[in-house]
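Listed here are the chains, written in short residue letters.
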Amino acid sequence: MDTKFIGKKSAAAGGWGALKSCGKRLLQSGMPISGARTMLKANQPDGFDCPGCAWGDPEHGSSFEFCENGVKAVAWEATEKRATPAFFAEKTVSQLRQLTDYELELNGRLTHPMRYDAVSDRYLPVAWKDAFAEIGSILTGLDNPNRAEFYTSGRASNEAAFLYQLFVRVYGTNNFPDCSNMCHEASGIAMRQAVGVGKGTVLLEDFEEADAIFVIGQNPGTNHPRMLGDLRRAAIRGARVVVFNPIRERGLERFSDPQDKIEMLKGGSTDIASLCLQPQLGGDMAAVRGMAKAVLATEDAAVAAGLPSVLDHAFLAEHCAGFAEYRAAVEATSWADIEDQSGLSRQEIERAADVYINAERVICTWAMGVTQHLHSVATIREIANFMFLRGNIGRPGAGLCPVRGHSNVQGDRTVGINEKPSDDILDALEKHFRFTVPREHGHNVLAAIGAMLDGSAEAFIGLGGNFARATPDSALVEKALRRLKLTVHIATKPNHSHLMPGETAFILPCLGRTEMDLNTAGNSQLVSVEDSMSMVHGSAGINRPASPHLLSEVAIIAGIAQATVGSDVVGWAELADDHDRIRDHIEATIPGFENYNARLRKPRGFHLRNTAAHREWDTLAGKASFSCEALPDETVHQRARKGEGRFALQTFRSHDQYNTTVYGLDDRYRGVYGERQVIFIHPADLKAMNAEAGDRVDVVGEHDDGIERIAENFRFVPYDIPRGSIAGYYPELNVLVPLGSAGRESDTPTSKSIMVSFRRRQAA
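Residues numbered from 1 in each chain as written. Predicted model: local features only at pLDDT ≥ 70, side-chain atom pairs only at ≥ 80, totals over all residues. Heavy atoms only, no water.

Okay, the sheet that holds strand S8 (residues 240–244) next. Two orientations exist for strands paired in a sheet by backbone hydrogen bonds: parallel and antiparallel. The 5 strands lie next to each other as S11-S8-S7-S13-S14, forming an open sheet whose pairing is parallel. Either end of the sheet is taken by a strand with one partner, and the two such strands are strand S11 (275–277) and strand S14 (399–402). Averaged over all adjacent pairs, the angle separating strand axes in this sheet is 15°, with direction ignored. Sheet analysis places strand S13 (residues 362–366) next to S14, joined by 4 bridges and oriented parallel. Paired with Thr365 across the two strands is Cys401, which belongs to S14. (Pairing = 2+ DSSP bridges. Helix = DSSP H or I, 4+ residues; strand = E, 2+ residues; numbered from the N terminus. Axes fitted to C-alpha atoms, helices over the stretch in contact; angles between N-to-C directions.)

Dropping the structure here:
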């Protein structure tokens, strides 16, 4: 049996392995020296924001903070390789479609605007003015603005996102399918219900004061490595780090900080987690409910013994609504149900609760391991409930911290990318720009795909991202895109979405975050982004553009807008040439951006005030609001064990990728090399199937909608994961995620709750 792709896992996250990987990616990009110089300007006041994750930067502004994924993201964007018109002339779109994501993007940066020619099945160069004119003509020719979908990636700047939403609303629709719909939608919904604001309540400095940090459904080592530095520093000073994750992730076990010279020279590392617990897929709500049950039992025992209270009664009385009802719901939940649904023992859960009880200041962080389930909103409400018990919101060293993905996914929402906009923002836009804004709610990602499939949507414009690969049900999404009248992709590199052209299709190449954006006066333009801690800071590229034919995202949006809606309401060209004027409009319409241009130019930018962090509750009750929802009737792992040979699957990233961008084929933290079509599975489950490591299988979706979903030719990797649960990489496994399975209230694809079975393949 061929198992050469399974090797040794890194002893710790970071360390020399990270440095080696970074060097490999810089060499691969063709810019080892210039790339290293470029990295020294990342996340600096006079440089550019890293195009990677949304983890915060120290407000005081440190020297360069090393981050492996940041190096990969910069090398990926600033590569010397070019996807010129000659690249598109060599192969048809049908031929390009056979390349993997990795192979396709290795061809480098796009250099010219391209238009699809159906006769030759190739993309051909097109002039910018002709592209804008044709796009505008098709959009204005639709019989209803709601027949167009306008997607946004989290890499778009505040300025680009604001201009985009303004153009689309002048055009007449709120159709904003957004990357947020596929990741932290549940966080925003649940937190608005619980504390009145859909953003994290902590600053980066709070991690320096926390006594305990609970990390739930999150893998910082791969997704936002700079967070490991903050967790390491917390662990060194004695803070307890408690991890809930079905898979034991190396970065949350041990971390070797590449910035610590002594640790690097000695080959040492630092223990991160004090306690690692492995719940079953979908079992997080039950685990948190169990901790709350243990806290309340300890409170009762303390009261009976005349000891100090465990609960923060002053906070509960002054700031909370619904505590009595919540307590009743917890007491009505049996330990048997908690253990069965969480997959953890009562003793394990009580150990975690003891950490919480003995910590004065607690932060709880989470990511998509929590948000991509049917009951994600209820789970995050339960996390908020748990934190309310001891008043761990609205004071230093404590709070809620959903950790976003792409660098400006939070900022895009702040400046108006929302298919369900508030009346406040619509009223402000209408008053300031003096046009009638559309009030009807628009499409999110799943609704947009549905509209494309049923023919009610006829056009798609993507501001960044790789829509076809990021979304669920890959085969259906490809069909949806290819039946449209118009597809437009604003991008830096070729990706698979470009290879699913509509009747008329364009690829419009844009500047990257690392590149200078010069206006007509020759002055460098500044853009801004917002991180997971609501810090807004500037970003100015320092490299020469990859091609003289590139335009900024702002300029491309302005060109399409001018050709579509004209300049009666907005002077698009003037805004594209002066980003300060865009920020003036943001300041006039979006709360929190007072003196935007002046504050943006201060070192490290500024913080958008968070009302919940000040214990001001913009909820229906006017207080922090408990939820008393019962545990789910059944989670995916409970359903899976009812059927013979069924498993609960979650998708996740490898260590050598970021979202749909695949930098390489190794996952050294999990010990997999040169292979992506793998399934991580408990060794006992392999044995029960009479299977071995390296065996090949097709993974078959078990959703009950009559659609056959198969991911072909995957290989088993024995791994430390709960029995009955399995895992593998996306986007390769997105084909198994049904469009019809989405989170309640959030409408987020349930990429962590997929029912599957296996079909054995013959050895090649």
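Read on, since the account is not over.
Further remarks concern the sheet that holds strand S17 (residues 504–509). Taken together, the 6 strands give an open sheet; going across it, the order is S5-S4-S17-S16-S15-S6, and neighbouring strands pair in mixed fashion. With partners counted over all chains shown, the strands left at the sheet margins are strand S5 (122–125) and strand S6 (148–152), one partner each. Across the sheet, the mean angle separating the axes of adjacent strands is 20° when strand polarity is ignored. With 4 bridges joining them, strand S4 (residues 114–117) and S5 adopt antiparallel strand pairing. What sits directly across from Tyr116, in S5, is Tyr123.

Before going further, it helps to examine the nonpolar core. Among the nonpolar cores identified, the biggest contains 61 residues, and Val195, Phe214, Phe244, Phe388 and Leu389 are the most heavily contacted of them. In terms of residue count, the dominant contributor to this core is helix H13 (residues 284–305) (9 residues). The contact partners of Leu389, leaving out residues within four places of it in the chain, are Ala292, Val295, Leu296, Leu311, Asp312, Leu316, Phe323, Tyr326, Tyr356 and Phe626. Within the second largest apolar cluster, 60 residues are counted, among which are Trp128, Phe132, Val554 and Ala561. (Core = buried A, V, L, I, M, F, W, Y, C linked by side-chain atoms within 4.5 Å. Buried < 20%, exposed > 50% of the residue type's maximum accessible area, 1.4 Å probe, protein only. Contact = heavy atoms within 4.5 Å.)

Counted as a void, the largest pocket has a volume near 1,200 Å³. In terms of lining, the largest pocket is formed by 33 residues, of which the most central are Arg192, Val197, Gly198, Lys199 and Thr414. Looking at side-chain class alone, the lining of the largest pocket contains 8 nonpolar, 15 polar and 10 charged residues. Estimates place the volume of the second largest pocket at around 870 Å³. Surrounding the second largest pocket, 32 residues form its lining, Leu99, Asp101, Arg469, Gln677 and Glu732 being those nearest its centre. For the lining of the second largest pocket, the elements supplying multiple residues, two or more each, are helix H6 (101–105), helix H23 (467–470), helix H24 (474–482) and strand S29 (710–718). (1 Å grid on protein atoms, 1.4 Å probe; cavity = no way out; pocket = protein on both sides within 12 Å on 5 of 7 lines; lining within 4 Å. Points joined across faces, edges and corners; volume = space filled by probe spheres on them. Nonpolar A, V, L, I, M, F, W, Y, C, P; charged D, E, K, R; others polar.)

Next up on the list: helix H25 (residues 553–565). Every α-helical turn comprises 3.6 residues, leaving residues that sit three or four positions apart pointing alike. When the terminal C-alpha atoms of H25 are compared, their 18 Å separation across 13 residues agrees well with the 18 Å that a helix rising 1.5 Å per residue should span. Those residues of H25 that fall on the buried side of the exposure criterion are Glu553, Val554, Ile556, Ile557, Ala558, Gly559, Ile560, Ala561 and Thr564. Looking one or two residues beyond H25, the residue adopting positive phi is Gly566, at roughly 70°. (Expected span 1.5 Å × (residues − 1).)

Now for the pattern of salt bridges. Applying the stated criterion across every chain yields a total of 41 salt bridges. For the salt bridge of Asp178 with Arg413, the shortest nitrogen-to-oxygen distance reads 3.6 Å. One end of the pair, Asp178, is in the loop between helix H8 (158–171) and helix H9 (185–195); the other, Arg413, is in helix H20 (residues 409–414), and 235 residues separate them in sequence. The buried category is assigned to Asp178, whose relative accessible area is 1%. The buried category is assigned to Arg413, whose relative accessible area is 19%. Put simply, Arg289 and Glu382 hold a salt bridge, and the shortest N to O gap is 2.8 Å. Residue Arg289 is found in helix H13, and its partner Glu382 is found in helix H19 (residues 376–388); the two are separated by 93 residues along the sequence. Here Arg289 matches Glu382 in class, with each residue buried. Each of Asp143, Arg147, Glu458 and Lys485 takes part in salt bridges that share partners, so that together they form one network. (Salt bridge = Lys/Arg side-chain N within 4 Å of Asp/Glu carboxyl O.)

The analysis is restricted to geometry; functional conclusions fall outside its scope.
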